[in-house]
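Remarks on the overall topology
These are the residues of each chain, in order.
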Amino acid sequence: MAALSGCGGGGSSTPVNFSNTNTPTTETPSANLPTFDASVISKNDPGSNLGDQWRQGPFMEIYVRGYQDSNGDGVGDLRGVIQRLDYLQELGVQGIWLMPISKSEDKDHGYAVKDYRDIETQYGNLTDFDELLKQAHARGIGVILDYVMNHSANTHPAFINASDTSTNAYRNWYVWKDSAPAGWNIFGNNPWYNTKNGAYFAAFYSGMPDFNLRNPAAVEFHQNNLRFWLNRGVDGFRFDAVGNLIENDAGNWESQPESIALMGKVQENIAQYSKRFMVCEAPGNPLAFAASNSCGNAFAFKHNYDIVNAAKGQTSAIQAVADYFNTAPLTIATMISNHDEFAGARLWDQVGGNLTQYQLAAASYLLQPGTPFIYYGEEIGMASAGSLSGDAKLRTPMSWSSNTVNAGFTNATPFRALSANVSTQNVTSQGQDPHSLLQFYKSLIQLRKHRPSLSQGNYSNATVTGKVLSYQRQSGNEISWVIINYGSENTTLSIKNLVANTKLASIYPSNQLQLTADSGGIAALNVPAFSIWVLTNN
């Protein structure tokens, strides 16, 4: 689930009073209301054996249901992820983001949480999860969990209690009014839903009511949940829909100052643990949440669209890609697409299977600053499922083999249709081809990991010449010059501000080019059409 950029608005500007102002006196509490674990969890940091640089990525976003089935029920699970850790390590991944694995009402996308302290049964149990942590850490891979703070399922025991009577102890854990107010429009809908004893607020849909995060008790419940997982050794979290945490009124509900400040408090909690990482989903205003006093990191929404358009040769998009890190923090989380359709189709579909454009897009975000997140299957060019629609078509079983029945994902019937191009774009086929897309990703990831200038260096001298983007990255004495030609014509590029007679050599493609600057500190480079170059003087 995600907060969509540019949706909603309109209506009254009067701040909403979320307290119950007219408590009915005739409500009879139900018998045998459900209970749940809301116990206080104290910090007990098990420490971290991960390297200092693991948080620089790249990360792999994994939809556990669709990654690998280990027990033959057609559904991916945690043991299946364990089976594929060697593949991820070989690829060069340093962190994995697991989409929701907590018990949920839908058992699919997982964002309607029923139990924040347990594992979805089809995925395994806490013992399986502990083993995944152990095995990932042994390979130098961190594990972050998707955490849903904005809302729960309407079947969560806290909401069942809250909706029972207006005097229930959990009533103020959620957002209620005596009746649904008019004038609200979030994502095309009125987010207020009437019940027999008041109206509750649910920004995404009626089955996922919003927590009242002005209530310290509700906030502390989530902080305790985070400590529950951190104490087990979890390496951090991806936070869902942080732009929707607190709404002030019908015209002011996206990325409110209170939401930004709240995530700062969450960051303080996580920062008490060693080498942990957090990233937030805030499409409406990612830079506000990427600030040090909030999440400290957020996904670079909009930059992903510019990257794809740049790969297609759109001049304005190339300039936008060049300029992005003039204002964005160098640690912001970058991507091309993810599990939500609003973030774009799978890259294969966005570029119509054009492998040249695909590689240009991948190089754009793997070589620029930021912490890159790869959506599972992106590294092999997985397409969506042609027979499906909506988000489901983006969340298909991983294409491990060319088998058009099960894709090597399971030995049973997969829970969902396969990728449309499973017969050609799969791990088995590409692992044997030195010129495959998978090998392209491996080479760029390894280059990035082994050059501090590319994984953590600064960003300067970004220039667009025609359809050629060039920039410089530096860490200490190590300098990398990155040149990407998005156009269909060869271009001569002047690399300036060098020391006279400086010698430059290409490290990507390796050992294919050597240049020498003239006495004025300028080196002339012929940049072939649709090419990617990384040069160094070291």
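Residues numbered from 1 in each chain as written. Predicted model: local features only at pLDDT ≥ 70, side-chain atom pairs only at ≥ 80, totals over all residues. Heavy atoms only, no water.

As for the sheet that holds strand E18 (residues 510-516)
- Overall, antiparallel pairing links the six strands, which are arranged E13-E14-E15-E20-E17-E18 in an open sheet. Looking at strand neighbours, the two that pair on one side only are strand E13 (460-465) and E18, the edges of this open sheet. Put simply, the sheet's adjacent strands are angled 20 degrees from each other on average, direction ignored.
- Here strand E15 (residues 478-485) pairs with strand E20 (residues 532-536) via five bridges, running antiparallel. Paired with Ser480 across the bridge in E20 is Thr536.
- Sitting on the sheet, helix H9 (residues 315-323) touches E13 and strand E14 (468-475), and the angle it makes with E13 is about 175 degrees. (Pairing = 2+ DSSP bridges. Helix = DSSP H or I, 4+ residues; strand = E, 2+ residues; numbered from the N terminus. Axes fitted to C-alpha atoms, helices over the stretch in contact; angles between N-to-C directions. Contact = heavy atoms within 4.5 Å.)

A short note on the UniProt feature "domain: Glycosyl hydrolase family 13 catalytic" (unreviewed entry) in the chain
- With numbering aligned to this structure, UniProt lists the feature "domain: Glycosyl hydrolase family 13 catalytic" (unreviewed entry) at residues 61-448.
- A distance of 19 Å separates the end C-alpha atoms of residues 61-448, which is 31% helix and 12% strand. (UniProt positions renumbered as here; feature names shortened; annotations may be inferred.)

Describing the nonpolar core
- The biggest cluster of nonpolar side chains holds 138 residues, and the ones touching the most others in it are Leu88, Ile96, Leu98, Phe129, Phe237, Phe239 and Met263.
- Here the element with the most residues in this core is helix H11 (residues 355-367); it accounts for eight residues. (Core = buried A, V, L, I, M, F, W, Y, C linked by side-chain atoms within 4.5 Å. Buried < 20%, exposed > 50% of the residue type's maximum accessible area, 1.4 Å probe, protein only.)

Considering the pairing of E15
- In terms of burial, E15 is largely enclosed, as eight of its eight residues are buried.
- Neither face of E15 is open: one carries Glu478, Ser480, Val482 and Ile484, the other Ile479, Trp481, Ile483 and Asn485, and all of them are buried.
- Taken together, the eight bridges between E14 and E15 define a ladder with antiparallel strand orientation. Paired with Tyr471 across the bridge in E15 is Val482.

Quick look at the environment of Val499
- Structurally, Val499 can be placed in the loop between strand E16 (491-495) and strand E17 (503-508).
- With a relative accessible area of 62%, Val499 lands in the exposed category.
- Here the alpha-carbon distance between Val499 and Ala517, two residues 18 residues apart in the chain, equals 7.4 Å.
- In this structure, Val499 is in contact with Ala517 and Gly521, ignoring residues within four places of it in sequence.

Structural notes on the state of the cysteines
- Scanning the model with the defined rule gives one disulfide in all.
- Residue pairing for Cys280: its cysteine sulfur links by disulfide to Cys295, the two sulfurs lying 1.9 Å apart. Judged by the torsion about the S-S bond (-90 degrees), the Cys280/Cys295 disulfide is left-handed. Taken together, the residues span a long stretch of sequence, with Cys280 in strand E10 (residues 277-280) and Cys295 in the loop between helix H7 (286-289) and helix H8 (303-311) at a distance of 15 residues. There is no split in this pair, since Cys280 and Cys295 are both buried. (Disulfide = S-S within 2.5 Å.)

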